[in-house]
Amino acid sequence: MNKTIGFISLGCAKNLTDTETMLGLSDRAGYTVTADPSDADVLVVNTCAFIDDAKEESIGALFEMADYKQNGKCELLIATGCLAQRYGEELLQEMPEVDVILGTNDFDKIVKVVDAFYAKGDKCSHVSDANAHITTEGLPRVLTTPHYTAYLKIADGCDNRCTYCVIPALRGKFRSRPEGEILAEARELAQNGVKELILVAQDTAYYGKDEGEYRLPQLLDALCEIDGLEWIRLQYCYPENITDALVGTIARQKKIVKYIDMPLQHISAGVLKRMGRRSRRAQVEDLLARLRERIPSLAIRTSLIVGFPGESEEEFQELYDFLGQARLDKVGVFAYSCEEGTRASEMPDQIADEEKVRRRDRLMALQQEISLQINTEKINRTVPVLIEGYDEDDFCYVGRSYADTPEVDGAAYVYSAEPLEAGDIVQMRILDAQDYDITGEVTHESAE
């Protein structure tokens, strides 16, 4: 059957790995995958529903793809992922253009659904329980990232139950993937040329704890044994689950880049309590001190939420002061989004949107100053950089240092007398610094 399928992936990297599996399954089944929606017989939108902006983007994408049913080849429009899990029946009722929905744990049924439509005209939706566990071993993936970088999902779901978050309702309880399954996928990625492996889960540091004990250090040790992998990067490690064993593993293993994404969300005890967060300021400051003592070159990224219900000016000022003192390398600040069905949405003292934006902008302005200071202090240091392309305007290569994750962090502009290829990892001596980016030249000196 010569039919084409187009995919649109929205939201987080965990969602992207699901999309890449659907791409692989479709390709293996003999369908032609296209990047041009006007050329697709089937269109699949893998949606996000984390916050209002994400829901609006997902709905907008569905309406945009629906237009191809009128003005293109599209015969079947499928909504998958978080929005489909949360609002499945409503989507089918209110958007008749959407033919089929697949929940967060049903992406492996994509070929079954498309086959049924073309064999019998059936439009079969599937929305499994959010706690269902999918065995992905043996399922193919088609990477949409550059050939040298891939995300590897090591778990799904979340047990944290933060009062502002809908993830447990969308993706269920935390469920660690079997270590053998993860390692098999990592080996295949490495064999296909992946050099940078980015581990993702809702709380990566919690890996294995749902089955009794923290097992991320052991998993990392095993991943470091895989030939071909050069960088292993950690994202989304909640502070209360960063054990001494994990810190030691990051410090000891050369393949693990000295970078950690550690969502804090706030620092005031009152706000953290209302958020349902378990860590407190003293614990966070102790952890930061231990991390920096054991891993001096460690780059630390965090995310913060301002404007949470009841956040007083004093609580915000405490967060502002902490940010100035902690001097974290990378910070994302988000205005609180009131999500229906969460405990936080029913709390009193909701804060006006304009005040949330004011507080967000104040924090981001402070972090911009801190980021420039940190980058300036790196001048004349040597750091490893992964080359991603060439800037024709500035006649230099563009890449990312070990301290920068794709999409969210800064760039490195690299001058080299020798030709470089995308995927090369080189040593760069930093010559200049901007707010978020660095500029330098290739050197044969070792990184500090």
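Here the residue numbering is sequential within each chain, running from 1 through the sequence in written order. Per-residue local features are limited, in this predicted model, to residues with pLDDT of at least 70; the limit for side-chain atom pairs, both in listing and counting, is 80 or more; totals at the level of whole chains, interfaces and linings are taken over all residues. Where side-chain values are given, they derive from all heavy atoms of the structure, hydrogens and water being excluded.

What to know about the sheet that holds strand β2 (residues 32-34)
Logical step 1: Following DSSP output, two strands are said to pair if at least two bridges run between them. What counts as a helix is a DSSP run of H or I of at least four residues, what counts as a strand is a run of E of at least two, and both are numbered from the N terminus. A sheet is described by the order of its strands in space; here 5 strands give the open sequence β2-β1-β3-β4-β5, paired in parallel fashion. What marks the edges here is a single partner per strand, and that holds for β2 and β5 (100-102). Averaged over neighbouring strand pairs, the angle between their axes works out to 25 degrees when direction is ignored.
Logical step 2: Pairing of strand β4 (residues 76-81) with β5, which is carried by 3 bridges, proceeds in the parallel orientation. Residue pairing in the sheet places Ala-79 in a bridge with Ile-101 of β5.
Logical step 3: Residue contacts are defined here by distance: any two heavy atoms, one from each residue, within 4.5 Å place the two residues in contact. Axes, fitted as lines to C-alpha atoms, cover a helix only where it is in contact. Angles between the N-to-C directions of the axes lie from 0 to 180 degrees. Relative to strand β1 (residues 4-9), helix α1 (residues 13-28) is tilted by about 175 degrees, and along the sheet it contacts β1, β2, β3 (42-47) and β4.
Logical step 4: Contacting β1, β3 and β4, helix α2 (residues 52-71) crosses the sheet at an angle of about 175 degrees to β3.

Some words on the pattern of salt bridges
Logical step 1: In the sections that follow, a salt bridge refers to a side-chain nitrogen of Lys or Arg positioned within 4 Å of a carboxyl oxygen of Asp or Glu. Tallied over the full model, the rule gives 41 salt bridges.
Logical step 2: A salt bridge links Asp-99 to Lys-69; the shortest N-O distance between them is 2.8 Å. With Asp-99 in the loop between α3 (82-94) and β5 and Lys-69 in helix α2, this pair connects stretches of sequence that are 30 residues apart.
Logical step 3: Linked by salt bridges that have partners in common, Glu-20, Arg-141, Arg-177, Glu-181 and Glu-185 make up one network.

Points about the pairing of strand β12 (residues 299-306)
Logical step 1: Only protein chains enter the calculation, and the probe is 1.4 Å; a residue is then buried if its accessible area is under 20% of its type maximum, exposed if over 50%, and partly exposed in between. Most of β12 is tucked away, with 8 of its 8 residues classed as buried.
Logical step 2: Covered by surrounding structure in β12 are Ala-299, Arg-301, Ser-303 and Ile-305 together with Ile-300, Thr-302, Leu-304 and Val-306, the residues of both alternating faces.
Logical step 3: Pairing analysis gives 6 bridges linking β12 to strand β13 (residues 330-335), with the strands arranged parallel. By the bridge assignment for β13, Arg-301 is matched with Lys-330.
Logical step 4: Traced from β12 through helix α11 (residues 313-326) to β13, the parallel crossover comes out right-handed. Handedness of a crossover is defined as follows: orient the strands so they point away from the viewer, and if the path from the first strand over the helix to the second runs clockwise, the crossover is right-handed.

Details of the packing of α11 against helix α12 (residues 353-377)
Each pair of packed helices gets described by two things: the angle between the helix axes and the distance between those axes.
Logical step 1: In contact at an axis separation of 10 Å, α11 and α12 are set at 15 degrees when each is read in the N-to-C sense. Taken as axis vectors, α11 and α12 run roughly parallel relative to one another. Our pair here, α11 against α12, has a crossing hand that is right-handed. When α11 is examined against α12, the residues Glu-313, Phe-316, Gln-317, Leu-319, Tyr-320, Leu-323 and Gly-324 are found in contact with a partner set consisting of Glu-355, Arg-358, Arg-359, Arg-362, Leu-363, Leu-366, Gln-367 and Ile-370. The scheme is simple: roughly parallel for angles under 35 degrees, roughly antiparallel for over 145, roughly perpendicular for 65 to 115, oblique for anything else. Crossings are assigned a handedness: left-handed for a near helix turned anticlockwise from the far helix by less than a right angle, right-handed for a clockwise turn.

Points about the side chain of Thr-342
Logical step 1: By secondary structure assignment, the location of Thr-342 is in the loop between β13 and α12.
Logical step 2: Owing to a relative accessible area of 5%, Thr-342 belongs among the buried residues under this scheme.
Logical step 3: Polar contacts, as used here, are pairs of N or O atoms within 3.5 Å; protein pairs need one atom able to donate a hydrogen and one able to accept it. Residues neighboring in sequence count only if both atoms are side-chain atoms. A distance of 2.6 Å separates a polar atom in the side chain of Thr-342 from the backbone oxygen of Glu-339.

Digging into the nonpolar core
Most often, soluble globular proteins keep nonpolar side chains buried together rather than apart.
Logical step 1: Remark: nonpolar core denotes a set of buried residues (Ala, Val, Leu, Ile, Met, Phe, Trp, Tyr, Cys) joined through side-chain atoms within 4.5 Å. With 57 residues, the main nonpolar core has Ile-154, Leu-197, Leu-199, Leu-216, Leu-223 and Ile-242 as its most contacted residues.
Logical step 2: Excluding residues within four positions of it along the chain, Leu-199 makes contact with Leu-152, Ile-154, Thr-204, Leu-216, Leu-220, Leu-223, Ile-232, Arg-233, Leu-234 and Gln-235.

Section: the environment of Gly-399
Logical step 1: Within the element layout of this structure, Gly-399 appears in strand β15 (residues 396-401).
Logical step 2: When its relative accessible area of 1% is taken as the criterion, Gly-399 is described as buried.
Logical step 3: Placed 57 residues apart in sequence, Gly-399 and Thr-342 show a C-alpha to C-alpha distance of 40 Å.
Logical step 4: When sequence neighbours within four positions are dropped, the list of residues in contact with Gly-399 reads Val-385, Leu-386, Ile-387, Glu-388, Ala-411 and Ala-412.

Remarks on the sheet that holds strand β14 (residues 382-391)
Logical step 1: Spatial ordering of the closed barrel is given by β14-β15-β16-β18-β17, a layout of 5 strands whose pairing is mixed. The mean angle between the axes of side-by-side strands here comes to 50 degrees, regardless of whether they run parallel or antiparallel.
Logical step 2: Two elements, β14 and strand β17 (residues 425-433), share 5 bridges in a ladder whose sense is antiparallel. Looking across to β17, one finds that Val-383 is bridged to Met-428.

Overview of the side chain of Thr-19
Logical step 1: Structurally, the position occupied by Thr-19 is in helix α1.
Logical step 2: In this structure Thr-19 touches Phe-7, Ser-9 and Asn-46, once residues within four positions along its chain are discounted.

Observations concerning the pairing of strand β6 (residues 149-153)
Logical step 1: Most of β6 sits inside the fold, with 5 of its 5 residues counted as buried.
Logical step 2: Here β6 shows two buried faces, one formed by Thr-149, Tyr-151 and Lys-153 and the other by Ala-150 and Leu-152.
Logical step 3: Here β6 pairs with strand β9 (residues 196-200) via 5 bridges, running parallel. Among the inter-strand pairings, Tyr-151 is bridged to a residue of β9, identified as Ile-198.

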